[in-house]
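# Architecture and fold: a report
Spelled out from the first residue to the last, the chains are:
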Amino acid sequence: ELNNKYIVTTLCEPKLSNYDLFYDRLPNKPSYRTNHILNILNYCDGDHDLLAISEKLEKPIWEVSEIIQQLSTKNLIKKVKRD
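Read on for a plain summary of the structure. Only a predicted model underlies this, so the values are computations on that prediction, with no experimental measurement involved. (Residues numbered from 1 in each chain as written. Predicted model: local features only at pLDDT ≥ 70, side-chain atom pairs only at ≥ 80, totals over all residues. Heavy atoms only, no water.)

### Here we look at the sheet that holds strand S1 (residues 5-8)
Spatially, S4-S1-S5 is the arrangement adopted by the 3 strands of the open sheet, whose pairing is antiparallel. Taken across any chain shown, the strands that pair with only one partner, and hence form the sheet edges, are strand S4 (45-49) and strand S5 (77-79). Each adjacent strand pair in this sheet contributes to an overall mean axis angle of 35°, direction not counted. Sheet topology places S1 next to S5; 3 bridges connect them, and they run antiparallel. Across the sheet, residue tyrosine 6 finds its bridge partner in S5, namely lysine 79. (Pairing = 2+ DSSP bridges. Helix = DSSP H or I, 4+ residues; strand = E, 2+ residues; numbered from the N terminus. Axes fitted to C-alpha atoms, helices over the stretch in contact; angles between N-to-C directions.)

Structure below.
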């Protein structure tokens, strides 16, 4: 049910701090979570589904799913309609 394909709704890389999604440990140094979000956004191209993204990033599907839900809630990605 959650294994959908997603596409980014912005033209460029979004400024995550505007969406309360930028996590930093040190000034000007993004955290692991921020990098994870950016990597997921890179694969939200309409061709990769949730399972494929999780396999590409070698991350558990529940971690990827949680971030996908956050990005969807913030309208940074949307589901691709199934054929």
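Back to the text.
### Observations concerning the pattern of salt bridges
Per the stated rule, a full pass over the model turns up 1 salt bridge. Residue glutamate 66 pairs with arginine 33 through a salt bridge whose shortest N-O separation is 3.2 Å. Of this pair, glutamate 66 sits in helix H3 (residues 61-73) while arginine 33 sits in helix H1 (residues 32-43); the two residues are 33 residues apart in sequence, bridging distant segments of the chain. On the basis of relative accessibility, which here comes to 40%, the residue glutamate 66 falls in the partly exposed class. (Salt bridge = Lys/Arg side-chain N within 4 Å of Asp/Glu carboxyl O. Buried < 20%, exposed > 50% of the residue type's maximum accessible area, 1.4 Å probe, protein only.)

### What to know about the packing of H1 against helix H2 (residues 50-57)
Close contact between H1 and H2 brings their axes to 10 Å; oriented N to C, the two are set at 130°. The pairing of H1 with H2 is recorded here as oblique in orientation. As for the relative orientation of H1 and H2, their crossing is right-handed in sense. In this structure, H1 contributes Asn39, Ile40 and Tyr43 to the contact, and H2 contributes Ile53, Lys56 and Leu57. Grouping the amino acids of the contact of H1 with H2 by side-chain chemistry returns 4 nonpolar, 1 polar and 1 charged. (Parallel < 35°, antiparallel > 145°, perpendicular 65-115°, else oblique. Left-handed = near helix turned anticlockwise from the far one by under 90°. Contact = heavy atoms within 4.5 Å. Nonpolar A, V, L, I, M, F, W, Y, C, P; charged D, E, K, R; others polar.)

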